[in-house]
Amino acid sequence: MEVIIQPSPEDCAALGARIIGKLVKQKADTVLGLATGSTPLPLYGELVRLHRDGKLDFSGVTSFNLDEYIGLSGDHPCSYRYFMQQELFKDINIESERTYVPDGLADDIARHCLAYEQAILDCGGIDLQILGLGTDGHIGFNEPGSSLGSRTRIKTLTGKTREDNARFFDTIDEVPRHCITMGVATIMDCRQILLFAFGEGKAEIIAKAIEGPVSAMVPASILQMHPDVTIFIDEAAASSLKNRDYYREVFEGKPSWQSI
């Protein structure tokens, strides 16, 4: 696990986009795992800029989103399919049939989840997964207590998650109680992971995820066991880390062949 501390979310996004861009240029049929929410917006903005500048071609890329609310159609303004269309897909040249988002209106949720897992396998697995981090340590919608061996499935959202996400809805009562989410083991199967977290409100949970014990009560802590994870955080999110000075030394002292 590498922890990269930058002055701002925009600085983190620029470095993350550089990693993604390098991968897509090396492997035109890259499979990306995508996240939603406010955290990845600077990253998506940077990817769009690179594409518009003619520096990044998404025509061969396939994407899989982490999660979706149950009960929302893809054209609902609070659905994650709609979010991805507005914030990324419409502004890059990715083929729509290559963009996978769980179906919140699936008739048979269990069967749909199995099919989603199979679709990932059929594409050769996810090369690079983008993650945000919930204030309670969830990745995807794998809430505290989620099995670390879990696969794509239905989950019940905690009250805290619904409160955090209520800002996207008119009232908290409109926030769905259930979702479909990739499982923790599904995420851990991804070959490379980039996690982004910003702001003082994420400082405590970042410290638990990076420097605390591995625990299902902090699902993001399992990333300590992954062989290729990069954590991008701003100064505020890094404020509770005991080893933050060391993380800075590691990044600043990288040999040239390891540079981003």
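A few points on the structure.

Scoring rules and cut-offs
Residues numbered from 1 in each chain as written. Predicted model: local features only at pLDDT ≥ 70, side-chain atom pairs only at ≥ 80, totals over all residues. Heavy atoms only, no water. Helix = DSSP H or I, 4+ residues; strand = E, 2+ residues; numbered from the N terminus. Expected span 1.5 Å × (residues − 1). Buried < 20%, exposed > 50% of the residue type's maximum accessible area, 1.4 Å probe, protein only. Arc of directions from axis to C-beta. Contact = heavy atoms within 4.5 Å. Polar contact = N/O pair within 3.5 Å; in protein donor to acceptor, adjacent residues only side chain to side chain. Pairing = 2+ DSSP bridges. Right-handed = clockwise from strand over helix to strand, strands pointing away. Axes fitted to C-alpha atoms, helices over the stretch in contact; angles between N-to-C directions.

### Section: helix α4 (residues 109–122)
Spanning 14 residues, α4 covers 20 Å between terminal C-alpha atoms, matching the ideal 20 Å at 1.5 Å per step. All buried positions along α4 are accounted for by Ile109, His112, Cys113, Tyr116, Glu117, Ala119 and Ile120. Down the axis of α4, the buried set is contained in an arc of 155°. They therefore lie on one face. In α4, the exposed residues that point more than 90 degrees away from the buried face are Ala110, Arg111, Leu114, Leu121 and Asp122. Looking at the buried residues of α4, the elements they touch are β3 (62–65), β5 (99–100), β7 (153–156), β8 (178–181) and α6 (184–188). For α4, the N-terminal capping position is held by Asp108, with its side-chain oxygen 3.4 Å away from the main-chain nitrogen of Ala110. One or two residues past the end of α4 sits Gly124, with phi positive at roughly 90°.

### Points about the environment of Glu2
As for its position among the elements, Glu2 is in strand β1 (residues 2–6). Spatially, the C-alpha atoms of Glu2 and Tyr247 are 7.6 Å apart, while their sequence positions differ by 245 residues. Contacts of Glu2, omitting those with residues within four sequence positions, involve Val229, Thr230, Ile231, Phe251 and Lys254.

### Remarks on the pairing of strand β2 (residues 31–34)
With burial as the criterion, each face of β2 is covered, one bearing Val31 and Gly33 and the other bearing Leu32 and Leu34. Bridging between β2 and β3 involves four bridges; their strand directions are parallel. Bridge pairing in β3 places Leu34 opposite Asn65. Assessed by its sense of winding, the connection that carries the chain from β2 through helix α2 (residues 41–52) to β3 is right-handed. With two bridges joining them, β2 and strand β6 (residues 128–131) adopt parallel strand pairing. By the bridge assignment, Leu32 is partnered in β6 with Leu128.

### Points about the sheet that holds strand β9 (residues 192–197)
The sheet built from seven strands is open, its strands ordered β1-β10-β9-β6-β2-β3-β5 with parallel pairing. This sheet does not close on itself; its edge strands, each paired only once, are β1 and β5. Across five bridges, the pairing between β9 and strand β10 (residues 229–234) is parallel. Residue pairing across strands places Ile193 opposite Val229, the latter belonging to β10. Packed onto the sheet, helix α7 (residues 203–211) meets β1, β9 and β10 and runs at close to 155° relative to β10.

### A short note on the sheet that holds β8
Taking strand neighbours across the sheet as the criterion, the three strands line up as β4-β8-β7 in an open arrangement whose pairing is antiparallel. The open sheet is flanked by β4 (67–69) and β7, the only strands paired with a single partner. The sheet shows a mean angle of 30° between the axes of neighbouring strands, direction not considered. The sheet contact formed by β4 and β8 spans three bridges and is antiparallel. By the bridge assignment, Asp67 is partnered in β8 with Thr181.

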